[in-house]
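If you want the building blocks of each chain, they are given just below.
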Amino acid sequence: SGNRMDACGGEPGIPCGEGKCLQVTGAGDRRKGGVRMRAAEIYIGTTLRGSAKGTGKGMYIMQSRTADGKIYEKKAAVELGGATESRLVLYCLRDSLSRFRYACEVTVHTECTWVASALGSRWAEAWRERDWTNGKGKRVKDPGLWRDILWHLEDTGHVLRAVSGKHEFSSWMRLNLPRLYAPRDVFGEVDEKALNFVNGWTGSPAGYGRGSGKAA
């Protein structure tokens, strides 16, 4: 697919930052064919928090270091009706994982502790075995999103960990995401022009952390 990342990673073992690290292993290990897997970071933000439900926006920023040491970055956003924080995070995770061509060590940063816990505890694999019902026999929410996420992990062999809590883009996303134009139901690329002080915009994430092109 033309919108998949042509390359991901660089030096593995990027520090996970603040928050609790939870690890999920995909279909492969940390080496594919004897080659060390490369690293990538996915930062996710949403306009909805906790149990709030309604129209909301979600955004992710993907970063990896190319072979020449430069930062490769992609940003995309979506607006959904009838959304929740967890659903927006899952939408973002599914879309971002679909961009990879091959297995990477992927660190997902989210403030949604429920999704981070579900990933870390590998609940989705157990739900799938029970035909997408939980331990009490109740249908889980958003089974289609979880199914697709598992497919991407297992198809590529990613090693994925989820970091719960605020990340280096949290404040920026919280301030700017509500005013960002995002297409309904379909992810759209976030144009750099939209991030540069347009209509009261408060700056590009390039001023934060690894987005500046400099090692954190």
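This text follows the structure it describes.
Attention in this report is confined to the structure presented alongside it.

Thresholds applied
- Residues numbered from 1 in each chain as written.
- Predicted model: local features only at pLDDT ≥ 70, side-chain atom pairs only at ≥ 80, totals over all residues.
- Heavy atoms only, no water.
- Core = buried A, V, L, I, M, F, W, Y, C linked by side-chain atoms within 4.5 Å.
- Buried < 20%, exposed > 50% of the residue type's maximum accessible area, 1.4 Å probe, protein only.
- Helix = DSSP H or I, 4+ residues; strand = E, 2+ residues; numbered from the N terminus.
- Contact = heavy atoms within 4.5 Å.
- Phe/Tyr/Trp six-rings, centres within 6.5 Å; stacked < 30°, edge-to-face > 60°.
- Salt bridge = Lys/Arg side-chain N within 4 Å of Asp/Glu carboxyl O.
- Arc of directions from axis to C-beta.
- 1 Å grid on protein atoms, 1.4 Å probe; cavity = no way out; pocket = protein on both sides within 12 Å on 5 of 7 lines; lining within 4 Å.
- Points joined across faces, edges and corners; volume = space filled by probe spheres on them.
- Nonpolar A, V, L, I, M, F, W, Y, C, P; charged D, E, K, R; others polar.
- Axes fitted to C-alpha atoms, helices over the stretch in contact; angles between N-to-C directions.
- Parallel < 35°, antiparallel > 145°, perpendicular 65-115°, else oblique.
- Left-handed = near helix turned anticlockwise from the far one by under 90°.

## Notes on the nonpolar core
Nonpolar side chains in soluble globular proteins tend to end up buried together. Grouped together as the largest cluster of nonpolar side chains are 37 residues, with contacts concentrated most on Ile42, Ile44, Tyr60, Leu93, Leu97, Phe100 and Trp146. No other element matches helix 1 (residues 85–97), which puts six residues into this core. When neighbours within four sequence positions are excluded, Leu93 is seen to be in contact with Ile44, Val108, Leu119, Ile149 and Leu160. Ile61, Ala77, Leu177 and Leu180 belong to the second-largest nonpolar core, a separate cluster that totals eleven residues.

## Some words on the packing of aromatic side chains
Ring pairs (aromatic) are described by centroid distance and by the angle formed between their planes. One pass over the structure, following the stated rule, counts seven aromatic pairs. Between Trp127 and Trp146, the aromatic rings sit 5.5 Å apart at their centres with planes inclined by 75 degrees, giving edge-to-face as the arrangement. With Trp127 in helix 3 (residues 123–129) and Trp146 in helix 4 (residues 143–156), this pair connects stretches of sequence that are 19 residues apart. Judged by its relative accessible area of 1%, Trp146 falls in the buried class. Chaining the aromatic ring pairs together yields one cluster made of Trp114, Trp123, Trp127 and Trp146.

## Some thoughts on the pattern of salt bridges
A side chain with one charge can pair with a side chain of the opposite charge if their charged atoms come near. Inspection of every chain in the model, using the stated rule, returns ten salt bridges. In this structure, Arg94 engages Asp148 in a salt bridge whose closest nitrogen and oxygen atoms are separated by 2.8 Å. With Arg94 in helix 1 and Asp148 in helix 4, this pair connects stretches of sequence that are 54 residues apart. Assessed through its relative accessible area of 24%, Arg94 is described here as partly exposed. Here Arg99 and Glu189 are joined by a salt bridge, their closest N and O atoms 2.4 Å apart. In this pair, Arg99 sits in the loop between helix 1 and strand 7 (104–110) while Glu189 sits in strand 9 (residues 188–189), placing the two residues 90 residues apart along the sequence.

## Focus: helix 2 (residues 113–121)
Inspection of helix 2 places Val115, Ala116, Ala118 and Leu119 among the buried residues, and these make up the whole buried set. Projected onto a plane normal to the axis of helix 2, the buried residues spread over an arc of 160 degrees and lie on a single side. Downstream of helix 2 by a residue or two, Arg122 has a phi angle that is positive, lying close to 60 degrees.

## Regarding the layout of surface pockets
Which parts of space are left empty comes out when a probe the size of a water molecule is rolled across the atoms. Of the volumes computed, that of the largest pocket is approximately 290 Å³. The dominant element in the lining of the largest pocket, judged by the number of residues it contributes, is helix 1, at three residues. Of the residues that constitute the lining of the largest pocket, the class distribution is five nonpolar, five polar and five charged.

## Comments concerning the packing of helix 1 against helix 4
At a minimum axis distance of 9 Å, the contact between helix 1 and helix 4 shows a crossing angle of 30 degrees. Put simply, helix 1 runs roughly parallel to helix 4. For the crossing formed where helix 1 meets helix 4, the hand is left-handed. Contacts between helix 1 and helix 4 involve Arg87, Leu90, Tyr91, Leu93, Arg94 and Leu97 from the first element and Leu145, Trp146, Asp148, Ile149, His152 and Leu153 from the second. Within the contact of helix 1 with helix 4, the residues separate by chemical class into eight nonpolar, one polar and three charged.

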